Amino acid sequence: MSFLRTRLPQIARSVSLVGRQAPYVARNYSSMTYSVPSVTDTPPTSLQSFTEEELMLKETVARFAREVVQPRVRDMDEAEVMDKDIIKAMFENGLMGLETEADLGGAECSFTAAVLAVEELAKIDPSISALCDIHNTLTNTVIRKYGNKDLKEKYLTRLATDTVGSFCISEAGAGSDAFALQTRAEDKGDHYLLNGGKMWISNSGEADIFVVFANADPSKGYKGITAFIVEKEWGVEIAKKEKKLGIRSSSTCVLNFDDVKVPKENVLGEIGQGYKYAIDSLNEGRIGIAAQMIGAAQGAYEIALPYMFERKQFGKPIGSFQAMQHQFAQVACEIEAAKLMTYNAARLKEEGKPFVMEAAMAKFVAAKVAERATSYAVEWMGGNGFVRETGVEKFYRDAKIGSIYEGTNNMQLETVAKIISTKYK
Amino acid sequence: MLRNAARSFGLAARAMPKRSFAHSAIARNAIPGSLQTFTDEELMLKDAVSKFANDVVKPKVLQMDETEVMDKSVVQGLFDQGLMGVETEAEYDGSNCSFTSAIIVIEELAKIDPSVSVMCDVQNTLVGTLVRKYGNKDVKKRFLPRLATDTVGCFCLSEAGSGSDAFALQTRAVDNGDHYVLNGSKMWITNSGEADIFLVFANLDPSKGYKGITCFVVEKEMGVEIAKKESKLGIRASSTCVLNFDDVKVPKENVLGEIGKGYKYAIEILNEGRIGIAAQMLGIAQGAYDIALPYLFQRKQFNTNIGDFQGMQHQYAQIALEIEAARLLTYNAARMKEEGRTFIKEAAMAKLYASQVAEKAASKAIEWCGGVGFTRELGVEKFYRDAKIGAIYEGTSNIQLQTIAKLVSSQYK
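A.B. asks: So what's going on with the pattern of salt bridges? Residues and values would help.
C.D. replies: This model, assessed by the stated rule, comprises 60 salt bridges over all chains. Ionic pairing is found between A:Asp187 and A:Lys264, a salt bridge with its closest N-O pair at 2.8 Å. Taken together, the residues span a long stretch of sequence, with A:Asp187 in strand β2 (residues 184–187) and A:Lys264 in the loop between β7 (252–263) and β8 (267–268) at a distance of 77 residues. Since its relative accessible area comes to 30%, A:Lys264 is described here as partly exposed. Across the pair B:Glu272 and B:Lys337 runs a salt bridge, and its minimum N-O distance is 3.7 Å. Residue B:Glu272 is located in helix α8 (residues 262–296), and its partner B:Lys337 is located in helix α9 (residues 310–338); the two are separated by 65 residues in the primary sequence. Per residue, the accessibility class of B:Glu272 equals that of B:Lys337, and both read buried. Here the residues in one salt-bridge network are A:Arg74, A:Glu78, A:Arg388, B:Glu68 and B:Arg236, joined through shared partners.

A.B. asks: Break down helix α14 (residues 409–422) of chain A for me, with residues and values.
C.D. replies: The first and last C-alpha atoms of α14(A) sit 20 Å apart over 14 residues, in line with the 20 Å expected at 1.5 Å per residue. Of the positions making up α14(A), those classed as buried are A:Asn409, A:Gln412 and A:Val416. The buried residues of α14(A) occupy an angular sector of 65° when the element is viewed end-on, so they sit on one face. Exposed residues pointing more than 90 degrees away from the buried face of α14(A) are listed as A:Glu414, A:Lys418 and A:Thr422. Looking at the buried residues of α14(A), the elements they touch are α9 (274–310) and α11 (356–380) of chain A together with α10 (344–368) of chain B.

A.B. asks: Outline the nonpolar core, supporting the account with residue identities and numerical values.
C.D. replies: Core analysis: the biggest nonpolar cluster contains 129 residues, and A:Trp380, B:Leu130, B:Phe155, B:Phe201 and B:Trp368 have the highest contact counts within it. Residue contributions to this core peak at 19 residues, all from α8(B). In contact with B:Trp368, other than residues within four places in its own chain, are B:Tyr289, B:Ala292, B:Leu293, B:Tyr295, B:Leu296, B:Ile306, B:Met312, B:Gln315, B:Tyr316 and B:Ile319. Formed by 45 residues, the second largest nonpolar core is a distinct cluster that contains B:Val75, B:Ile112, B:Cys120 and B:Leu182.

A.B. asks: So what about the pairing of strand β7 (residues 240–251) of chain B? Which residues, and what values?
C.D. replies: Residue and element names in this part refer to chain B. Here nine bridges tie strand β3 (residues 179–190) to β7, and the two strands are oriented antiparallel to one another. Counted as the bridge partner of threonine 190 is threonine 240 from β7. Alignment of strand β6 (residues 225–229) against β7, held across four bridges, turns out to be antiparallel. Counterpart to lysine 228 in the pairing with β7 is valine 242.

A.B. asks: Please provide a residue-by-residue account of the interface of chain A and chain B, values included.
C.D. replies: Facing 45 residues of chain A, the contacting portion of chain B comprises 44 residues. Here chain A meets chain B over a buried area of about 3,800 Å², counting both sides, of which 55% is carbon and sulfur. Our count for the chain A to chain B interface comes out at six salt bridges. In this structure, the salt-bridge partner of B:Glu367 is A:Lys400, at a minimum N-O distance of 2.8 Å. Among the elements of the structure, α10 (322–350), α11, α12 (383–386), α13 (392–399) and α14 of chain A are those that each provide at least two residues to the side of chain A that touches chain B. If you tally residues by element for the side of chain A that touches chain B, the top one is α11(A), at five residues. Partitioning the side of chain A that touches chain B into residue classes produces 14 nonpolar, 14 polar and 17 charged.

A.B. asks: Summarise the environment of A:Ala227; cite the residues concerned and give the values.
C.D. replies: Residues and elements named next belong to chain A. Within the secondary structure, alanine 227 is located in strand β5 (residues 225–231). Between the C-alpha atom of alanine 227 and that of valine 61, which follows or precedes it by 166 residues, the distance is 31 Å. Once you skip the residues sitting within four places of it in the chain, alanine 227 turns out to touch Val211, Val212, Phe213, Asn266, Val267, Leu268, Gly274 and Tyr277.

A.B. asks: Which residues make up unusual backbone geometry, and what values do they have?
C.D. replies: Residues and elements named next belong to chain A. Residues other than glycine seldom take positive phi values, yet isoleucine 247 does so here, at roughly 35°. Mapped onto the fold, isoleucine 247 is located in the loop between β6 (237–241) and β7. Relative accessible area serves as the criterion here: at 2%, isoleucine 247 is assigned to the buried category. In this structure, phenylalanine 314 is a non-glycine residue whose phi angle is positive, near 55°. On the secondary structure map, phenylalanine 314 appears in the loop between β9 (312–313) and β10 (316–317).

A.B. asks: Provide a residue-level description of the packing of helix α6 (residues 114–134) of chain B against α8(B), including the pertinent values.
C.D. replies: All names here are of chain B. α8 packs onto α6 with a crossing angle of 155° between their chain directions and a minimal axis gap of 10 Å. Considered as vectors, α6 and α8 are oriented roughly antiparallel to each other. The two elements α6 and α8 cross, and the hand of that crossing is right-handed. Note on element contacts: α8 touches α6 through Tyr265, Glu268, Ile269, Leu270, Glu272, Gly273, Gly276, Ile277, Gln280 and Ile284, opposite Pro114, Ser117, Val118, Asp121, Thr125, Leu126, Thr129, Leu130, Lys133 and Tyr134.

A.B. asks: Report on the confidence of the model for chain B, specifying residues and quantitative values.
C.D. replies: Residues and elements named next belong to chain B. Summing up the model confidence of chain B, the mean pLDDT is 93 and the portion of residues at 70 or higher is 93%. Within the model, pLDDT remains below 50 along residues 1–27, and this stretch shows 25 contacts once partners closer than five positions in the same chain are excluded. Here the complex is predicted with pTM 0.90, and the ipTM for its interfaces comes to 0.89.

A.B. asks: Go over the packing of helix α6 (residues 111–122) of chain A against α10(A), please, and point to the residues and values.
C.D. replies: All names here are of chain A. Contact geometry of α6 with α10 gives a least axis separation of 9 Å together with a crossing angle of 150°. When the axes of α6 and α10 are compared, the pair comes out roughly antiparallel. Contact with α6, carried on its side by Phe111, Thr112, Val115, Leu116 and Glu119, involves Lys339, Thr342, Tyr343, Ala346, Arg347, Lys349 and Glu350 of α10 and no other residues of that element. For the contact of α6 with α10, the per-class residue count stands at five nonpolar, two polar and five charged.

A.B. asks: Account for the side chain of A:Ser251, naming residues and giving values.
C.D. replies: Residue and element names in this part refer to chain A. Summarising the element assignment, serine 251 is placed in the loop between β6 and β7. Looking at serine 251, its side chain comes within polar contact range of the main-chain nitrogen of glycine 205, at 2.9 Å. In contact with serine 251, not counting residues within four places along its chain, are Ile201, Ser202, Asn203, Ser204, Gly205, Glu206 and Lys241.

A.B. asks: Please set out the packing of aromatic side chains residue by residue, giving values where relevant.
C.D. replies: Going through the model one piece at a time under the given rule, you end up with 24 aromatic pairs over all chains. Judged by centre distance (4.0 Å) and plane angle (15°), the rings of A:Tyr146 and A:Tyr277 are stacked. Of the two residues, A:Tyr146 sits in helix α7 (residues 126–146) while A:Tyr277 sits in helix α9, which places them 131 residues apart along the sequence. Of the two residues examined, A:Tyr146 and A:Tyr277, each falls in the buried class. The interplanar angle of 15° and the centroid separation of 4.0 Å between the aromatic rings of B:Tyr134 and B:Tyr265 together place this pair among those described as stacked. Linking B:Tyr134 in helix α6 with B:Tyr265 in helix α8, this pair joins segments that are 131 residues apart in sequence. Comparing B:Tyr134 with B:Tyr265, the two get one shared label, buried. Site record: aromatic cluster; members linked through ring pairs are A:Tyr301, A:Phe309, A:Phe328, A:Tyr376 and A:Trp380. If you follow A:Lys316 out to its NZ or CZ, it ends over the ring of A:Phe321, 4.5 Å from the centre.

What counts, and at which threshold
- Residues numbered from 1 in each chain as written.
- Chains lettered and ligands numbered in written order.
- Predicted model: local features only at pLDDT ≥ 70, side-chain atom pairs only at ≥ 80, totals over all residues.
- Heavy atoms only, no water.
- Salt bridge = Lys/Arg side-chain N within 4 Å of Asp/Glu carboxyl O.
- Helix = DSSP H or I, 4+ residues; strand = E, 2+ residues; numbered from the N terminus.
- Buried < 20%, exposed > 50% of the residue type's maximum accessible area, 1.4 Å probe, protein only.
- Expected span 1.5 Å × (residues − 1).
- Arc of directions from axis to C-beta.
- Contact = heavy atoms within 4.5 Å.
- Core = buried A, V, L, I, M, F, W, Y, C linked by side-chain atoms within 4.5 Å.
- Pairing = 2+ DSSP bridges.
- Buried area = accessible area lost by both parts, 1.4 Å probe.
- Nonpolar A, V, L, I, M, F, W, Y, C, P; charged D, E, K, R; others polar.
- Axes fitted to C-alpha atoms, helices over the stretch in contact; angles between N-to-C directions.
- Parallel < 35°, antiparallel > 145°, perpendicular 65-115°, else oblique.
- Left-handed = near helix turned anticlockwise from the far one by under 90°.
- pLDDT = per-residue confidence, 0-100.
- Polar contact = N/O pair within 3.5 Å; in protein donor to acceptor, adjacent residues only side chain to side chain.
- Phe/Tyr/Trp six-rings, centres within 6.5 Å; stacked < 30°, edge-to-face > 60°.
- Lys NZ or Arg CZ within 6 Å of the ring centre and 35° of its normal.

Right, dumping it as C-alpha cells:
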C-alpha cells in the first residue's frame, strides 16, 4: 500500500511529462482520442484493476450499505428525512473523510476509492450516496486543496469525524450561470459580513460547516467571488426545505444569510479566486455524481434481473423471452460503458492528466444511462415495478437528479463542445 | 347524426378488399379531413372538460397525490359533468357522444391530472363499453344508468399470477343452481377503492382452458373485499387494489354476454381501451410541456431566456414533434374505430408510442426547469411519475410490440 502511495504519484508525474514532450505525437492522435496518450514503464491495466485498499473500501461500504442502510431506505424516503444513526455510522466507518490525510483524521484513500464508495452506497440508496459524495468530493476537497494549514486543521478533522459539510454556490437567480451569484461579503475590518440567500443546497439540513461562495467585490464581476467557511451557529438560517421527486431523504434547502459575521481567518484560499475553486471542485465532483448514477442504475438492475427469472408468464420466466433478453443485454452494455467512463475519468484525475472533458462526459452519460436503466427496470417488473414496495421505482425517481445538479446535461454538453472545438479551431 | 354516418362508413370499409389501396377507402358520405377536424359536439366537450379540469381538479391535484386519495368532490364532478357515460346512449342517461369524444375527455383531464383521467378512462372505455357491447337489455338497464350517473365501476381481469398472460387467471366461478359462487382474487385493479360495480373475469369451466372464462357483473355488497391498496410511484390518487372473492354469490342474471366468451370480450375491450390510455399519455406529455415551455421564457441565465439557447430550442422542437406524432396516432386510431375499420395494430402503436413520448416529454420538461423541475411544487415531476404506468398497464409495451409484430408479419408471410 505504501509502495503505491509513493510510487504511483511518481509514475503519474513522469507519464504527464512524456505527454508534454511529445506534442507532435499528440496532434496525430487528436482526432481519435482526446486525452494525450502516454507512455509508462509499468504495464498498463484495465479499469477492473484496483488497489487492495480500494477493494477493501468497496467491500466495506457494500456491506455497510446492505446491513445498515438498506433496512431504512424506504422509511427515510417516505418521511423525507435522513436517519441520524446512519450518518453517525458513516462517520464511524470512516466514510466522511475518504481522501483526507490520516493525520487529520481521514482515511487517506485515493480519489477512485471515494468514487467506489459513492457507487456502492448509491446501489442501495442514492440519497445517502449524495450526502457522502458532496461531503467528500466538494466540501472536503475544496478545503483540502485551498485551505491554509489552520483551516485544514480546524475543519478537516471535524468533517472527517463528526460534522456534516455543505457546498453553497447556487442561488435562485444563479444556477447554470453560477457566477451571477448575488450573495455579498462585505469587508468590515476584522470580519466579513455575509448577506444573501442560497438555493438547492444539499446536506444543508444536517450540516454545521458551510463552504459559501459570496462576492467580496462586485465591481470585479465574478473575479470578486470568494469562498468562506461558515459555521452554522454564526447565523446560517434554513429558510425552506424542498419537497422533491427523488433523493428525498437528502436535505435540499434554501439558506439565508442575514448579516452573518465571518472571521477573516475563514476566507478559504485567496480572495477573488472563489470562482476558480468552484469550477475546479465541480469538475471533479461530477465524477462523484457519475458514480452515484452508475450505482443507481445497478441498484435497479440488481432488483429487476432476479425478478425476471422468478416471474413466469406463458409458462416461462419472463427473462427468457428473446426481446427481454435483448433489452437487458443492451442496458447491461450501457451500464458498463458508463462505468468505464466514470472510472477512467477518476484515474485520469489521479494521474494528474487533464480530465475536465472526460468528467463531463462521464456525468452526462451516466445520468442518461441511469435514467434509461431504471426506467427499463420498472417496466421489466410490470405492476411490481410500479409499486413502492419493491424499491425499484425509487431508483427511477432518484436517477432524474443526475441530469440536473452539479451541472445540467446541457452544461456538460457545453463543456465537452468547448474542449473539442478548441482542437479544430 | 354522427352515429348514422359512422354506421355507413363501417359498411363501406367492410365491402372493400383489405389489400387494395382502398385501405385509404373512399369515404362515401363524408369529406376526408385532417385529424384536426372535430364535430361541434366534440369541440364543445373539449372546452367544457378543460374548464372543469382547470377549475375543479387542478386546485386539488397536489394534495390528492401526496395523500394518495381521490377527492370525492372531484369524482362527483365527473358524474355531474356527464363524463362518466360519454358514449352511453341517452336512454341510459349517458351523454351519447362519439368514441373520439371520450378520447378528448381523457386527454383533457390528463393534462391536469392523469389519476383523474384514468378513473374516467376505465369507467368509460372498459366498464361502460363492455356493458354496452355485450350486456343484454336487462343488464344494460340495470347498470348503465348507474355507471353514467353515480356509481364508479372497475375492470377486474389481472391476478398475481396472470398479468400479460391474462388467460392464466385462476378466479373460479362455480354454478350453484340459481347463482354462481366466485372464489379467488384479483390484483392491480384500478378504481376498485371507489367502485361499487365490478366486472369480474372468472373461469366457469377450467377444463376448457381460457374458453371457460366468463364475465360477471358483481356488486360490492355481494362481498367484494379490498385486501390491499398499493403504494405507487405515480397516479397515486388512483386506487389500485388487491381484491378478494370469498364465496361471493352472483345471480345468474349478472353474467355479462355469453358464458365462456369472457376471453374474447377482454381482448376486444382492451384493444379499444388502449386508445384511451394513449390519450391519457398524450395529456401527460402535453401537460408537462405546458408547464415547462412558459418557464423557459421566464427563466434567464447568462442574460438570456433559457428558451432562446439553440440547444434548448432544438430539444423542445423535437419533443413538440414527437407529441404531435403521438397525437396523430391516437386520433387516427380513434377515427378508424369509429369508421368500423380494423384498428388493433393502430391502437397498439398509439399506446406504445404515446407512452414512450409521455415519459420522454416529462423527463425533458423536468430538465428544462432545472432544480425547480425536480421539486413537487412545480407539478412537472408528477407527470414524469405518472407517465411510467403507460408502459405497463392495459398491456405492457412488450405486449404491444408483440401485437404489432404479429399483425405486421401476417402481411408478409
